[in-house]
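Architecture at a glance
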Amino acid sequence: LAEHSVGEKAVLVKRDPSQYWGDEFPVDQITYIDTGDDPSATLAALESGQIDLNHQFGVELIDAIAKLPHLNLNETPTAATGVARMNVNEKPFDDVRVREAIRLTVDHERLVEIVFRGHGLASEDHHVAPMHPEYAPIQKVAQNHERARQLLRDAGYDNGLELQINCVANPVWEQNSCLALAEMAKPAGINIKVNVMPGGSYWGQWLTWPFGFTSWGHRPLGVQVLNLAYRTGGVWNESGHSNPEYDRILDIAGGIADPKARSIEVAKLEKMLQDDSVISQSLWRSLFS
């Protein structure tokens, strides 16, 4: 490490080959440059040749990148996602009928087109992705506004429901996911106000919001996120989900090394999360660099 300046850059230089354990490294120097929060600054740095590679691009810039002939856009389908999660300890989300009604308003395939221009996969509201080795295909739930309205009436909301969902301003796809959810929920009589917040304000209290949108990164195994986010008392259990039978089966799944055998138990967990309706999960994101 030859140079390090927080918020500016870090420089790595090749060490003396005689002090290195392997073959000679073919790169003399790597410079990491912080271009800030504005993605257009990163695009400008690539266009001018200041940088050769960036960590990640938002989907809103891929058309601009495609117009630059010297750039190659790399796209990878991942288990990165976003969830509109409802805290089961807060009204009206303490009623599973309300949570299910919200979940049933979403057309997942349409949401992928609206929010991510089709660069991603439709999700199934259980936070296990098709690229996870233990993923188990289960029956998808279609958009059903009539059923959603009936569930609200059963829960005592004959005149519909007024809600607010909190989300961050950047990256833009997160607030766009919330806006798409709000539009899809209207025909069921659910009016959702989207409260867009600075990241610092949102993440300082993200575990406490009654209704919030949270981005989740890719993890190699489905059981990793099932433990983090939905186990009783889990450190990132933002929905307050607590189901003893879910915890019991998750223990079993976590003890099975073979992915195919583990998927039998994971299928049960996926169905439980659908039925408990603690999240409306928008999509599996492709990532771009």
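What comes next is a walk through the structure. Per chain, residues are indexed from 1 in the order of the written sequence. Whole-chain, interface and lining totals are the exception, using all residues; otherwise, since this is a predicted model, local features are given only for residues with pLDDT of at least 70 and side-chain atom pairs are given and counted only at 80 or more. Just so you know, side-chain values use all the structure's heavy atoms and leave hydrogens and water out.

Concerning the overall build of the protein chain
- Put simply, DSSP marks the helices as runs of H or I at least four residues long and the strands as runs of E at least two long, and each gets a number from the N terminus on. If you tally the helices and strands in the protein chain, you get 10 helices and 9 strands.
- Considering only C-alpha atoms, the protein chain reaches an extent of 70 × 40 × 35 Å along its principal axes.
- Working definition: with a 1.4 Å probe on protein chains only, accessible area under 20% of the residue-type maximum means buried, over 50% means exposed, and in between means partly exposed. Here the protein chain holds 289 residues, and the buried ones make up 45% of them.
- Every residue pair with non-hydrogen atoms within 4.5 Å of one another is taken to be in contact. Long-range pairs, those at least 24 residues apart, make up 70% of the contacts in the protein chain between residues at least 6 apart in sequence.
- Note on areas: Shrake-Rupley with a 1.4 Å probe; residue coverage comes only from the protein chains shown. About 14800 Å² of surface is accessible on the protein chain, with carbon and sulfur atoms providing 51% of the total.
- His is not counted, nor are the chain ends; Lys and Arg add positive charge and Asp and Glu add negative charge. Charge placement uses NZ in Lys and CZ in Arg. For Asp and Glu, CG and CD serve respectively. Of note, the protein chain has its 25 positive side-chain charges centred 6 Å away from the centre of its 39 negative side-chain charges.

Some words on a negative patch on the surface
- Residues Glu-8, Asp-34, Asp-37 and Asp-38 make up a contiguous surface patch of negative charge.
- Note that Asp-34 resides in the loop between β3 (29-33) and α1 (39-48).
- Since its relative accessible area comes to 44%, Asp-34 is described here as partly exposed. Candidates for patches are residues over 30% relative accessible area with no salt bridge; among them, like charges are joined within 9 Å and nonpolar side chains (Val, Leu, Ile, Met, Phe, Trp, Tyr) within 5 Å. Basic side-chain nitrogens of Lys or Arg form a salt bridge, by our definition, when they fall within 4 Å of a carboxyl oxygen of Asp or Glu.

Some remarks on the packing of helix α9 (residues 244-254) against helix α10 (residues 259-276)
- An axis is simply a line fitted to the C-alpha atoms; with a helix, the fit covers only the stretch in contact. Between two such axes, the angle follows the N-to-C directions and lies from 0 to 180 degrees. Look at α9 against α10: their axes get within 9 Å of each other, and the N-to-C directions meet at 155 degrees. In terms of orientation, α9 and α10 fall into the roughly antiparallel class. Of the two possible hands of crossing, α9 and α10 adopt the one that is left-handed. Residues Glu-245, Tyr-246, Ile-249, Leu-250, Ile-252 and Ala-253 of α9 touch α10, and the partners they reach there are Arg-262, Glu-265, Val-266, Lys-268, Leu-269, Met-272 and Leu-273.
- Residue classes in the contact of α9 with α10 are distributed as 9 nonpolar, no polar and 4 charged. Just so you know how the angles are binned, under 35 degrees is roughly parallel, over 145 roughly antiparallel, 65 to 115 roughly perpendicular, and the rest oblique. Handedness of each helix crossing follows the sense of rotation of the near helix against the far helix: counterclockwise by less than a right angle gives left-handed, clockwise gives right-handed. In this classification, Asp, Glu, Lys and Arg are treated as charged, Ala, Val, Leu, Ile, Met, Phe, Trp, Tyr, Cys and Pro as nonpolar, and every other residue, Gly included, as polar.

Considering the sheet that holds β3
- A pair of strands is considered paired only if DSSP assigns at least 2 bridges between the two. The antiparallel open sheet is built from 3 strands, whose spatial order is β1-β2-β3. Every other strand in the sheet has two partners, leaving β1 (3-5) and β3 as the edge strands with one partner each. Ignoring strand direction, the axes of neighbouring strands in this sheet form an average angle of 10 degrees.
- Bridge analysis of β1 against strand β2 (residues 9-13) gives 3 bridges, and the strand direction is antiparallel. Across the sheet, Glu-3 pairs through a bridge with Val-11, a residue of β2.

Section: the side chain of Asn-54
- By secondary structure assignment, the location of Asn-54 is in the loop between α1 and α2 (62-66).
- With sequence-adjacent residues up to four places away left out, Asn-54 is seen in contact with Thr-42, Leu-46 and Ser-289.

Here we look at the side chain of His-241
- Examined against the element boundaries, His-241 turns out to sit in the loop between α8 (222-230) and α9.
- Contacts described as polar in this section are N or O atom pairs within 3.5 Å, which, within protein, must combine one atom able to donate a hydrogen with one able to accept it, while residues neighboring in sequence count only if both atoms come from side chains. A polar contact of 2.7 Å, which involves the side chain of His-241, links it to the side chain of Asp-276.
- Those residues in contact with His-241 that sit more than four places away from it in its chain are Val-88, Tyr-230, Arg-231, Thr-232, Tyr-246, Leu-273, Asp-276 and Val-278.

Looking at the packing of aromatic side chains
- Classification of ring pairs uses Phe, Tyr and Trp, with its six-membered ring standing for Trp, and accepts pairs whose centres are within 6.5 Å; under 30 degrees between planes counts as stacked, over 60 as edge-to-face, and the remaining range as tilted. For the structure on display, the rule yields 10 aromatic pairs.
- An angle of 75 degrees between the planes, with centres 6.2 Å apart, marks the rings of Trp-206 and Trp-236 as edge-to-face. Here Trp-236 lies in the loop between α8 and α9 and Trp-206 lies in the loop between α7 (199-203) and β8 (211-216), a separation of 30 residues in the sequence.
- Taking the relative accessible area as the measure of exposure, Trp-206 reaches 13% and is therefore buried.
- The exposure class assigned to Trp-236 is partly exposed, which follows from its relative accessible area of 36%.
- Taken together, a centroid distance of 5.8 Å and an interplanar angle of 65 degrees make the contact between Trp-216 and Trp-236 edge-to-face. Of this pair, Trp-216 sits in strand β8 while Trp-236 sits in the loop between α8 and α9, placing them 20 residues apart in sequence.
- Taken together, the ring pairs connect Tyr-202, Trp-203, Trp-206, Trp-209, Trp-216 and Trp-236 into an aromatic cluster.

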